[in-house]
Amino acid sequence: MFKIGGRILKSRLFVGTGKLPDYSLIEKMYSEAKVEVFAVAVRRIGPNTKHTKNVLEYIPKDAITMVNTSGAMNHKEAVKIAQIGRELTSSDWVKVEIEKDTKYLFPDNYETLKACEILVKEGFKVFPYIYPDLNIAKELEQIGVEAVMPLGSPIGTNKGIGCEVLLKPIINEVKIPVIIDAGIGRPSHAAHAMELGADAVLINTAIATSSDPVKMAVAFSKAVEAGRLAFEVGLLKEYEYAQASSPLDEFIKG
Amino acid sequence: MMEYLKEALEVYSQYENYIPSFDEAREILIKEFLDKSDLVKLLNIEDERLIRIMAKKAKKLTEANFGKVIMLFAPLYISNFCQNGCTYCGFSNLKNCPRERLEREQMEIEMKSLKDEGIDSVIILTGEDRVNSDFEYIKSACSVAVDYFSEVSIEVYPLLENEYEELAKIGVVGITIYQETYQKDDYEKLHLFGPKKDYEFRLLTPERALKTGFHEACVGPLLGLSHPEKDAFCAILHAEYLMNKFPKAEISLSFPRFRDANTGFKPSYLVSDKEYIKFLLAARIYLPRVGIVISTRERAALRDALMDICITKMSAGSKTTVGGYATSKDEKLGQFEIDDSRSVSEIVNVIIQKGLRPEFTNWVKGVGKL
């Protein structure tokens, strides 16, 4: 269990919904993989139509909706989208996502910082998606965000924790939770993030585009738990050469 | 853009007739980043086994970048007045046909009709006529549309930068503009008179719009008017150029094939399904993040086959006649003939059967006005 955004959560696996083939999978992920936090892009929250239901109707009432500002090109748009998202969902959890470019989808840390300053003052629980930069993470901590969400690798690449050397200092230095977001393609990548000491991970592509998203969410959920347990126990060091050790050492020495 | 296009065409001319061997093509297809010569080679592929490999790669890239989602939209024709003498177009001034434009009340009837179908993303279209559909007319249509739909785009004649700025302020977010053909000689032959004769002004149109804060631009050729591989190549590079110059904007490509518009025009080139598919796959592989749009010009079976491979956006239930949604119209009066005439519901059902999610909303209403 861990405390974040004023809530106590059992699951450290957060799931993005934007790429799912069918929103009815959300309920199954909640019940089978025990996912409690679902990120929803405000740009995708549409009214019910004769063909489709609003995504919000699929989110279990005890789960947390984290509204996502994706699509915002600057801090003004992100703030406006967050405000609209709060109206639509009654959730004050907001993932601030402002991309620098649509080719790599790298977050724009500068605009993100500006948006977060405004949103924290407006009483949101703010979760900024950032390029892994310790300085920005510290500034965000100072202004009062709930957590930082640095990317593990570029979004949708399934490359795992490619930015490890940049993520470690953030995990070590900031006191607020660190949620690794983007680039995690396999359950073993999620376990790796947790072993490093991340507090949670957010997965979208790897679950949504798998052939069985619910089963894959279960796999991720187990990997996250395993990685966290290992971190709590403390991982053993790696050695270049075999370490000779035996309870008979004293006698062998003669 | 002119310089970029010139350099690109030099690369094209070096590899124009170069058909890569099976092994060379496979080497290209395992690369993470392709260069311009790779793109020409992919466009020249003929071996069907390689096209199948391209399809597999394209599917993976599409899912990774866009998920299992198909965005649906509809075009809304508000005026077919046109001053241009384009030899191939159903709205051309050369064609003797009834001309009309919708007034506000009629527009609202059309918009309500589309909204009732569940459509939430709309493209406003006109012919090019600065008298009968002047800028103020287009602007007023857009301001009505932004009240109905979360995403409003335009496919109207090239406007000036300050005009795009005004439209961005009222909440228009996207622009579609087809260059028709990127080959200047052919362009000049196909456009006999009217403001559309200005090749360069048209080519630079998406840049003028994106500079002012538009979020999206869709570009492409009308395949069949000129050398298809060359036009596909130029369009893909046009998209790349825009992605590089406006990194925050969402850029899409569309490759409409010529369809008869009762003008008597016979295209110089016929583009087979195989070629058409190859162009879409090459675009996806070369630019994994580009949106790819397929219109109702294409027949249902082909649209269905491509939707889970490389398509991100498709029109549904389209009418190309002015006032075609609310009042029954002779579709021969449309800009072009539609092939996939299925209703929105029918298309939604196919999308779901393919294991994809139909999406109607892609933008936050009101944010475009900031």
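Bear in mind that the values here come from a model prediction, so they are computed numbers and not experimental data.

Enquirer: Can you tell me about empty space enclosed by the protein, naming the residues and giving the values?
Expert: Residue and element names in this part refer to chain B. Throughout the structure, instances matching the rule amount to 4 cavities of 30 Å³ or more. Its boundaries defined by the atoms lining it, the second largest cavity holds a volume of some 50 Å³. If you go around the second largest cavity, the residues you meet are Thr 62, Glu 63, Gly 67, Lys 68, Val 69, Ile 70, Met 307, Asp 308, Ile 309, Ile 311 and Leu 356. Counting only elements with at least two residues in the lining of the second largest cavity, the list comes to helix 4 (48-66) and strand 1 (69-79). A class-by-class count of the residues in the lining of the second largest cavity yields 6 nonpolar, 2 polar and 3 charged.

Enquirer: Any chance you could break down the sheet that holds strand 7 (residues 125-130) of chain A for me, citing the residues and the numbers?
Expert: All names here are of chain A. Taken together, 8 strands build an open sheet; the order of strands is 8-7-6-5-4-3-10-9 and the sheet is parallel. The sheet is open, and its two borders are formed by strand 8 (149-150) and strand 9 (179-181), each paired with just one other strand. With 2 bridges joining them, strand 7 and strand 8 adopt parallel strand pairing. Looking across to strand 8, one finds that Tyr 129 is bridged to Met 149.

Enquirer: Tell me about helix 2 (residues 75-89) of chain A, residues and numbers included.
Expert: Residue and element names in this part refer to chain A. For helix 2, with 15 residues, the first-to-last C-alpha span of 21 Å sits near the 21 Å given by 1.5 Å per residue. By the burial criterion, the buried members of helix 2 are His 75, Glu 77, Ala 78, Val 79, Ile 81, Ala 82, Ile 84, Gly 85 and Thr 89. Buried residues along helix 2 sit in contact with strand 5 (64-68), strand 6 (93-96) and helix 3 (109-121). Structurally, the start of helix 2 carries an N-cap: the backbone nitrogen of Lys 76 is 3.1 Å from a side-chain oxygen of Asn 74. Two residues or fewer after helix 2 comes Ser 90, characterised by a positive phi angle close to 65°.

Enquirer: Give a description of the nonpolar core that names residues and reports values.
Expert: Grouped together as the largest cluster of nonpolar side chains are 125 residues, with contacts concentrated most on Ile 154, Phe 214 and Phe 255 of chain B. At 10 residues, the largest contribution of residues to this core is made by helix 11 (residues 228-245) of chain B. If near-sequence neighbours (up to four positions away) are discounted, Phe 255 of chain B is found in contact with Pro 221, Leu 223, Ala 232, Ala 235, Ile 236, Tyr 276, Phe 279, Leu 280, Ala 283 and Val 293 of chain B. Among the nonpolar cores identified, the runner-up in size contains 71 residues, and Val 79, Cys 163, Ala 182 and Val 214 of chain A belong to it.

Enquirer: I'd love a proper account of the side chain of Lys 313 of chain B, names of residues and values included.
Expert: Residue and element names in this part refer to chain B. As for its position among the elements, Lys 313 is in strand 8 (residues 313-315). Of the residues examined, Lys 313 reaches a relative accessible area of 15% and is grouped as buried. If sequence neighbours within four positions are ignored, Lys 313 has contacts with Met 71, Phe 73, Glu 151, Glu 216, Ile 292, Val 293 and Ile 294.

Enquirer: Break down the pairing of strand 4 (residues 174-180) of chain B for me, with residues and values.
Expert: All names here are of chain B. Most of strand 4 sits out of view: 7 of its 7 residues are buried. With burial as the criterion, each face of strand 4 is covered, one bearing Gly 174, Thr 176, Tyr 178 and Glu 180 and the other bearing Ile 175, Ile 177 and Gln 179. As paired strands, strand 3 (residues 151-155) and strand 4 are joined by 2 bridges and run parallel to one another. Looking at the pairing, Ser 153 lines up with Gly 174 of strand 4. As for the winding sense of the linkage, the β-α-β connection from strand 3 through helix 7 (residues 161-170) to strand 4 is right-handed. Pairing between strand 4 and strand 5 (residues 216-221): 6 bridges, direction parallel. When the sheet's bridge partners are listed, Gly 174 is paired in strand 5 with Glu 216.

Enquirer: Lay out unusual backbone geometry in plain terms, naming residues and giving numbers.
Expert: Residue and element names in this part refer to chain A. If you check the backbone angles, Leu 105 has positive phi at about 55° while not being a glycine. Relative to the assigned elements, Leu 105 resides in the loop between strand 6 and helix 3. Residue class for Leu 105 comes out buried when judged on its relative accessible area of 12%. One non-glycine residue, Ala 182, lies in positive phi territory at about 85°. Tracing the backbone through its elements, the reader meets Ala 182 in the loop between strand 9 and helix 6 (187-196). In this structure Ala 182 comes out as buried when scored by relative accessible area, which is 7%.

Here is what the cut-offs are and how they apply
- Residue numbers here run from 1 along each chain, matching the order of that chain's written sequence.
- Labels follow written order: the first chain is A, the first ligand is 1, and so on.
- For this predicted model, a pLDDT threshold of at least 70 governs which residues receive local features, and a threshold of 80 or more governs which side-chain atom pairs are given and counted, while totals over whole chains, interfaces and linings are taken from all residues.
- Where side-chain values are given, they derive from all heavy atoms of the structure, hydrogens and water being excluded.
- Residues are said to line a cavity or pocket when one of their atoms sits within 4 Å of a point; the points come from a 1 Å grid over protein atoms alone, cavities being sets where a 1.4 Å probe fits but cannot get out and pockets being open sets with protein on both sides within 12 Å along at least five of seven lines.
- Grid points are joined across faces, edges and corners, and a volume is the space filled by probe spheres set on the points.
- Strands are runs of DSSP state E lasting at least two residues, helices are runs of H or I lasting at least four, and both sets are numbered from the N terminus onward.
- Note on residue categories: nonpolar means Ala, Val, Leu, Ile, Met, Phe, Trp, Tyr, Cys or Pro, charged means Asp, Glu, Lys or Arg, and polar means any other residue, Gly included.
- Strand pairing requires that DSSP identify at least two bridges connecting the strands.
- Here the expected span of a helix is defined as 1.5 Å times the quantity of residues minus one.
- Using a 1.4 Å probe on the protein chains alone, a residue whose accessible area is under 20% of its type maximum counts as buried, one over 50% counts as exposed, and one in between counts as partly exposed.
- In what follows, residue pairs with any heavy atoms lying within 4.5 Å of each other are defined as contacts.
- Pairs of N or O atoms are called polar contacts if they sit within 3.5 Å, as long as, within protein, a hydrogen donor faces a hydrogen acceptor (for residues adjacent in sequence, only side-chain-to-side-chain pairs).
- Each nonpolar core is a collection of buried residues, namely Ala, Val, Leu, Ile, Met, Phe, Trp, Tyr and Cys, held together in the definition by side-chain atoms within 4.5 Å.
- Every crossover in which the path from the first strand over the helix to the second runs clockwise, viewed with the strands pointing away from the viewer, is termed right-handed.

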